[in-house]
Amino acid sequence: MPDTKYLIVGSSHAGLAALEAIRLADAEGSITLLSKEGSLPYSPTVLPYVFSGMADADRVFLREDDYFKQMGVDFKRGSAVTELNAQKGQAVLETGETIGFQKALLATGARPQVPKIEGLSDCPFQVLRTLADAKALKSGMESARSAIILGAGLIGMHAAESLCEAGLQVTVVEMAGRVLPGYFDAKASGMIKSIFNEHGVKLLLGSPVTHVVANHNGCGVSLENGLDLSADMIMVATGVIPNWECLENQGIDGAQGVLVDDYMRTGLKNIWAAGDVTRSKSFFDNSPTYSGTLPMAVEQGRIAGASMAEDPGVKPFPGAVPLNTYSFFGNRSFSVGQAMATASGKKTEVNLIHIPSSNSYQKLVFNADRLVGAMGINSELDPGVLWRMIERQVELGDVKEAFAAKPKEIGRLLMNNLWR
Amino acid sequence: MGRSYHTIAFDAQKCNGCQECEKACAQAKAGVTDLVHSRIKVSPGRKEGEWGLALCRQCAQPLCVMNCPGGALSKDPVSGVVSWDESRCVGCKLCTLACAYAGITFNQATGQVMKCDFCGGDPACVKSCERGALQHLTGSDIYNEWGDLEDLFVPGISACLGCNSELLVRHTLRRVGPNTVVATPPGCIAGVGAVGVNGLTATKTPVFHPLLTNTASMLAGARRYYNRIGRDVTMLAFAGDGGAADVGFQSLSGAAERGEQIIFICVDNEGYMNTGVQRSSTTPYGAWTSTTPVGSVLRGKTRDAKPLPIIMLMHNCEYVATASTAYMEDYYQKLEKAILAAKKGMAYVHVFSPCPTGWRLPPARLIEAGRKAVQCNLMPLWEYESATGDMRFTHPVDNPLPVTDYLSMIGKYRHLSAEQTQHIQEHADRQVDLLRKFMQQRMDLAV
Ligand SMILES: Cc1cc2nc3c(=O)[nH]c(=O)nc-3n(C[C@H](O)[C@H](O)[C@H](O)COP(=O)(O)OP(=O)(O)OC[C@H]3O[C@@H](n4cnc5c(N)ncnc54)[C@H](O)[C@@H]3O)c2cc1C
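Worth saying up front: this structure is predicted, and the values here are computed from it rather than measured.

Re the interface of chain B and chain A
Here is step 1: The interface is formed by 38 residues belonging to chain B together with 46 residues belonging to chain A.
Here is step 2: Of the roughly 3,500 Å² buried at the junction of chain B and chain A (both faces included), carbon and sulfur atoms supply 59%.
Here is step 3: The largest share of the area that chain B buries against chain A comes from Arg46, Met66 and Leu97 of chain B, three residues that together contribute 20% of it.
Here is step 4: In this assembly, chain B and chain A are joined by one salt bridge.
Here is step 5: Residue arginine 59 of chain A is joined to aspartate 85 of chain B by a salt bridge in which the shortest nitrogen-to-oxygen separation is 3.5 Å.
Here is step 6: Summed over the shared surface of chain B and chain A, the number is 13 residue pairs in polar contact (both at pLDDT 80 or more).
Here is step 7: Among the elements of the structure, strand E2 (41-44), strand E3 (51-54), helix H2 (63-66), helix H3 (94-98) and strand E6 (104-107) of chain B are those that each provide at least two residues to the side of chain B that touches chain A.
Here is step 8: Its residues placed into classes, the side of chain B that touches chain A shows 19 nonpolar, twelve polar and seven charged.

Following this line, the structure appears as structure tokens:
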């Protein structure tokens, strides 16, 4: 007899969404939820706000203990899984303890990827993925006057803003030619870049790092273009790698993310995976894609849970859509779907509005009669409405013109009429 | 049992885009009239005069909550309201990405997100809507209350797909409770297993299977026996229209006249549906049945239905009502009254029951058909209480839809000619007129 019917490894967005979906279909089956962390569940997304001081580290938890009691879930903190064995239906913890399961979900997320840069491993550097990291950054920041951040993705940019607001001289170094290259086109990322510049953050784009050295007051960073930088602290935010190792030696390769099918099954018997630890099909071309976003972790967690509990209402994953919201220095932005497309595409049609005076930018991308992407800076559009219009492949037909003219109003109307 | 919650319903047809709701919301939430603060948003539609609404739906599994990294959003298990805690919000706006309906939006003036909090249970927007486009629906209270009562009907009964008999029986038995004797004469309710199959019964109260002819008299006898031994036991019949209006009529009429203390529920599916869809006296004019066929000469039934509820009104009943499973709140209220009335005399409730199998009606549209029948005034909902002599419409329809809206949904009317439709319309109008006349003169039948 296994110890638990459902074992969920990782108690963040994907794990919690799965738990709720399981309970909707199976009110009684035993659930064990494991977290490596000693604390209640929290989201990595909240961390930039923890070290900036906006969020109180004691009040960021996604669920309280009571919740697990009510849901009839055995929540075990400080329980890192080292092996999730499909054949034996057994999880092995770091402590040596074992837990037998009928079905297991891997929702272990990802961790910072440290690039192979000469000298980096010998230099004390910061990352941001856990509460402990946030606390370390916070205390590191108190004694530092300057910082270098490697990577201008979401994490790097969030950190840059917080460090800048804390009064540090911040330089962001990015290999790609623009900031947030995964989400914003040249125009939008240019606008974001200038706002950062206005606040005194230096952004060095298209600048690969050749080596890093520890020096007396912190570290030095040398770039391929010959520039040498120096700062009191250095933070690495160059991407993430999935925490998949507990499935190693079972015939699958999860180094780029554990590949899952439309029901979040891994191919290993009775093992599902969801969230940042996975790769799943892309909504647009079905190719395996790494998402690494919170909304996708939630979507996948819900499907995994429903599938594990054999919920007859389970719907297959429509595919990963790149998407995010991003707020910076009092501005807000979002990007959904194929927002990067340019008007030169064959079937693509792009509708742009740029109002420099209010720093606002809005872009809608159509493919024939359908919306396929949208992007905005200080735009009034509802990103959620646009996402679901894309995902549901709403045929705009004769409202296309009206939608292009009044996307906020018509989008709301369309989605509210589609409600189910 | 899961809980059910109050909700705000929007009827786009009644909205004229006046934005009074937005003003009321801004006023209630920010103390100013600037609409930027409104959490309810009316938006112009595609055509002139068309309006849409964006408002938080207080989802059962709210995606905004699941996507919030700060734990700032949560759903209250008691009120069902999804609430936003400003002190925990980090301003990431992922909630606006998670919501497909613009139920949580960015407020330019405050620089924060905002959403409907239901005004603590008394929404200001609804009160400001003079046209009734917004409605505060509270039916969930009754569901919650009844949901906590014991379910006295087993799962897995064999009703046709879409049939509302299960809904009706299950809910009724919860409310009348186990201290009840149920009679189900031959008909669909007995047929789906209520009375028993192979020695097992689906009903967890004493239940028996009288003849079609003697349901009311057998129940009357049982009640009198319990009265004699000093036990107050509820007597409840679920009979079809055959067992009430046709074959069962003489015993029903007699029991009503004698004031027998029983609840008699007629489940009217307008014909003998479980024996092969034959006509009954409540089959409406024009309807196809296997004995009122459609051919080159005959075009469905040639006579109007017997108005059984009106006939029962003239029978000295303590309580008479019409009801529909498309209006459960209304039915619940009527059942409460029927239970009380049956302590003194007969309570007769006539439940309109569209039949997917015999009427050629898609199962998924059964409740919709029930609603349309009321909205077209073909099955007006009303009640009469002898204690007060009051008679009233419980769901008055001011602007009835044309009967064709209802008829066109149903296969048994597919062949109707314009003249036949005209006849049905006129008949409906006359019936409602007649009811109105009854209501104008207080009904003092009991005296
Ligand atoms: C600083 C930062 C900012 C971000 N900002 C955004 C944003 O603005 N928008 C957005 O969409 N996304 C953002 N993200 C990404 C987002 O947080 C993730 O996509 C999301 O948290 C993924 O959820 P998950 O449940 O898959 O994994 P995670 O949230 O990573 O959770 C995995 C959990 O599993 C636990 N775990 C790992 N290994 C084990 C093990 N062996 N045994 C037991 N437990 C284990 C971990 O401790 C962790 O609690 C951000 C991430 C970071 C770090």
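So that's the structure; there's more coming.
Observations regarding the sheet that holds strand E11 (residues 209-215) of chain A
All names here are of chain A.
Here is step 1: Here three strands make up an open sheet; going across it, the order is E11-E12-E13 and the pairing antiparallel. On the outer flanks of this sheet lie E11 and strand E13 (228-231), each paired with one strand and no other. Pairwise comparison of adjacent strand axes, ignoring direction, gives a mean angle of 20 degrees for this sheet.
Here is step 2: Note: strand E12 (residues 218-223) against E13, four bridges, orientation antiparallel.

Quick notes on the domain arrangement of chain B
Here is step 1: Here the domain parsing of chain B yields domain 1 (7-141) and domain 2 (149-446).
Here is step 2: Relative to domain 2 of chain B, the C-alpha centre of domain 1 of chain B lies at a distance of 40 Å.

A word on the packing of helix H5 (residues 140-147) of chain B against helix H12 (residues 328-341) of chain B
All names here are of chain B.
Here is step 1: It is at 10 Å that the axes of H5 and H12 come closest, and there the two elements cross at 55 degrees. If you check the angle between H5 and H12, you find them oblique. In this structure, H5 crosses over H12, and the sense of that crossing is left-handed. In this structure, H5 uses Ile142, Tyr143 and Trp146 to contact H12, whose residues at the interface are Met328, Glu329, Tyr332, Leu335 and Glu336.

A word on unusual backbone geometry
Of all residues except glycine, most have a negative phi; of all peptide bonds, most are trans.
Residue and element names in this part refer to chain B.
Here is step 1: One non-glycine residue, valine 277, adopts positive backbone phi at about 60 degrees.
Here is step 2: For valine 277, the location among the structural elements is in the loop between strand E12 (263-268) and helix H11 (308-313).
Here is step 3: For valine 277, a relative accessible area of 9% corresponds to the buried category.
Here is step 4: Phi at asparagine 377 is positive, roughly 65 degrees, even though this residue is not glycine.
Here is step 5: Here asparagine 377 shows up in the loop between helix H14 (366-375) and strand E15 (382-385).
Here is step 6: Take asparagine 377: its relative accessible area is 10%, and that puts it in the buried class.

Digging into the nonpolar core
Residues and elements named next belong to chain A.
Here is step 1: By size, the foremost hydrophobic cluster in this structure holds 145 residues, and its most contacted members are Leu84, Ile192, Phe196 and Met389.
Here is step 2: If one sorts the elements of this core by residue count, helix H7 (residues 294-308) sits on top with seven residues.
Here is step 3: Aside from chain neighbours lying at most four places away, what touches isoleucine 192 is Met157, Val179, Leu180, Phe184, Tyr326, Phe328 and Ile377.

Considering helix H16 (residues 418-440) of chain B
All names here are of chain B.
Here is step 1: The end-to-end C-alpha distance of H16 is 33 Å, a good match for the 33 Å that 23 residues give at a rise of 1.5 Å each.
Here is step 2: Buried within H16 we find Gln420, Thr421, Ile424, His427, Ala428, Val432, Leu435, Phe438 and Met439.
Here is step 3: Contacts made by the buried residues of H16 are with H11, E15, strand E16 (390-393) and helix H15 (403-407).

Describing the sheet that holds strand E11 (residues 234-240) of chain B
All names here are of chain B.
Here is step 1: Read from one edge of the open sheet, eight strands run E10-E9-E11-E12-E14-E13-E15-E16, paired in mixed fashion. If you trace the sheet from one side to the other, it starts and ends with strand E10 (207-208) and E16, each paired once.
Here is step 2: Judged from the six bridges that link them, E12 and strand E14 (residues 347-352) form a sheet pairing that is parallel. Its bridge partner lying in E14, cysteine 266 is registered against histidine 350.
Here is step 3: Sitting on the sheet, H12 touches E12, strand E13 (319-324), E14, E15 and E16, and the angle it makes with E13 is about 155 degrees.

About the cut-offs
Residues numbered from 1 in each chain as written. Chains lettered and ligands numbered in written order. Predicted model: local features only at pLDDT ≥ 70, side-chain atom pairs only at ≥ 80, totals over all residues. Heavy atoms only, no water. Contact = heavy atoms within 4.5 Å. Buried area = accessible area lost by both parts, 1.4 Å probe. Salt bridge = Lys/Arg side-chain N within 4 Å of Asp/Glu carboxyl O. Polar contact = N/O pair within 3.5 Å; in protein donor to acceptor, adjacent residues only side chain to side chain. Helix = DSSP H or I, 4+ residues; strand = E, 2+ residues; numbered from the N terminus. Nonpolar A, V, L, I, M, F, W, Y, C, P; charged D, E, K, R; others polar. Pairing = 2+ DSSP bridges. Axes fitted to C-alpha atoms, helices over the stretch in contact; angles between N-to-C directions. Domains from an automatic or database assignment. Parallel < 35°, antiparallel > 145°, perpendicular 65-115°, else oblique. Left-handed = near helix turned anticlockwise from the far one by under 90°. Buried < 20%, exposed > 50% of the residue type's maximum accessible area, 1.4 Å probe, protein only. Core = buried A, V, L, I, M, F, W, Y, C linked by side-chain atoms within 4.5 Å. Expected span 1.5 Å × (residues − 1).

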